Amino acid sequence: MSSLTSSQAAAAFRTAIVPAAGLGTRFLPTTKSVPKELLPVVDTPGIELVASEAAEAGADRLVVVTAPDKRSVIEYFRPQPELEATLEARDKRQLLRKVRRGPELITAESAIQDKALGLGHAVACAESNLDEDEDAVAVLLPDDLVYPESADETGVLSRMSEIRDRYGGSVLCAFDIPPEQTTSYGVFNVSDTDEPDVKRVHGMVEKPAPAEAPSNLAAAGRYLLDRGIFDALRRIEPGAGGELQLTDAVALLIAEGHPVHVVVHRGTRHDLGNPGGFLKAAVDFALRDSEYGTDLREWLGERLNRS
């Protein structure tokens, strides 16, 4: 297990891993040809929103773990000179800025996951993409879209970086759920720190009954992990279906004395992993949009009154 000074920990987070090798079965038939990560939330693909969050928190490299036939996710972050030249010639400045936004946001590269063997396996596939001096890595699940309530608030990943700077080790994201929903999530066993929304993690229980849940804090798809996670992934045993679970590797680090904390996210969270959650995200983003928000709000009011 690595031991970091505060300054080293703050400087270590440069790479964000995004596991994106799944088939997107809940969005079939669309995902026969369009990766789920490229489906637009209003006019911006979910993968760009996640990349923007990573870049805002300090990442300069995005490693997208993809299946061999999903390279179009990476291509999204490549410049498109012909398209840009056409837009520029037609004086479509606003569209040109949108087209250039992804490639200018962050440097993206791929890691190939040949077989879907779990989230832990996907993260492990990206180990060779890291530089030797990187002592921490972020993992962002593209199905989870998290952001603060207002533009002047710090994003949760930035807050997680601050907590790692203070406590070292690994930092995860959690959100409060009603007791009746614990059967749908991994729930943290925690103790308090001197900060209300920062907890020390002692373990996790997968989908417990409400009476058996150690807390109401459920895992969200954001991790800031010590480099030691890759060694732990090599030492855990595969579970059902031969899959390696990231939570099992985190549990191993906890058992070996590695500090793990969670930051409780109090902002907005949307689940882009299913059409219903995706629609909610699209409506939420559209309502906040200066171009679409007013008309959409009026239409929704009229439409709901007819229901």
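Residues numbered from 1 in each chain as written. Predicted model: local features only at pLDDT ≥ 70, side-chain atom pairs only at ≥ 80, totals over all residues. Heavy atoms only, no water.

## Comments concerning the packing of helix H8 (residues 228–235) against helix H9 (residues 246–255)
1) Next: Interhelical geometry of H8 versus H9 gives an angle of 110 degrees and a closest axis separation of 9 Å. Between H8 and H9, the angle falls in the class roughly perpendicular. For the pair formed by H8 and H9, the contact residues are Gly228, Ile229, Ala232, Leu233 and Arg235 on the first element and Leu246, Ala249, Val250, Leu252 and Leu253 on the second.
2) Next: Taken together, the residues of the contact of H8 with H9 sort by class into eight nonpolar, one polar and one charged. (Axes fitted to C-alpha atoms, helices over the stretch in contact; angles between N-to-C directions. Helix = DSSP H or I, 4+ residues; strand = E, 2+ residues; numbered from the N terminus. Parallel < 35°, antiparallel > 145°, perpendicular 65-115°, else oblique. Contact = heavy atoms within 4.5 Å. Nonpolar A, V, L, I, M, F, W, Y, C, P; charged D, E, K, R; others polar.)

## Quick look at the pairing of strand E1 (residues 13–19)
1) Next: With six of seven residues buried, E1 lies mostly within the body of the structure.
2) Next: Bridge count between E1 and strand E6 (residues 136–140): three bridges; the pairing is parallel. The residue of E6 that forms the bridge with Ala16 is Ala138.
3) Next: Sheet topology note: the E1/strand E4 (residues 61–66) ladder contains five bridges and is parallel. Bridging across to E4, Val18 finds its partner in Val64. (Buried < 20%, exposed > 50% of the residue type's maximum accessible area, 1.4 Å probe, protein only. Pairing = 2+ DSSP bridges.)

## Topic: unusual backbone geometry
Excluding glycine, residues mostly carry a negative phi; peptide bonds, for their part, are mostly trans.
1) Next: Note that the residue after Leu28, namely Pro29, is joined by a cis bond; omega there is 10 degrees.
2) Next: A positive phi is found at Val42, a non-glycine position, where the angle reads about 65 degrees.
3) Next: Tracing the backbone shows Val42 in the loop between strand E2 (40–41) and strand E3 (44–45).
4) Next: Given a relative accessible area of 29%, Val42 falls into the partly exposed group.

## Description of H9
1) Next: Of the positions making up H9, those classed as buried are Leu246, Ala249, Val250, Leu253 and Ile254. Along the long axis of H9, the arc covered by the buried residues comes to 145 degrees, so they all point the same way.
2) Next: Turning to H9, the residues buried within the fold contact helix H6 (119–124), strand E10 (198–206), strand E11 (217–226), H8 and strand E12 (260–264).
3) Next: In the segment just after H9, Gly257 is the residue with positive phi, at about 90 degrees. (Arc of directions from axis to C-beta.)

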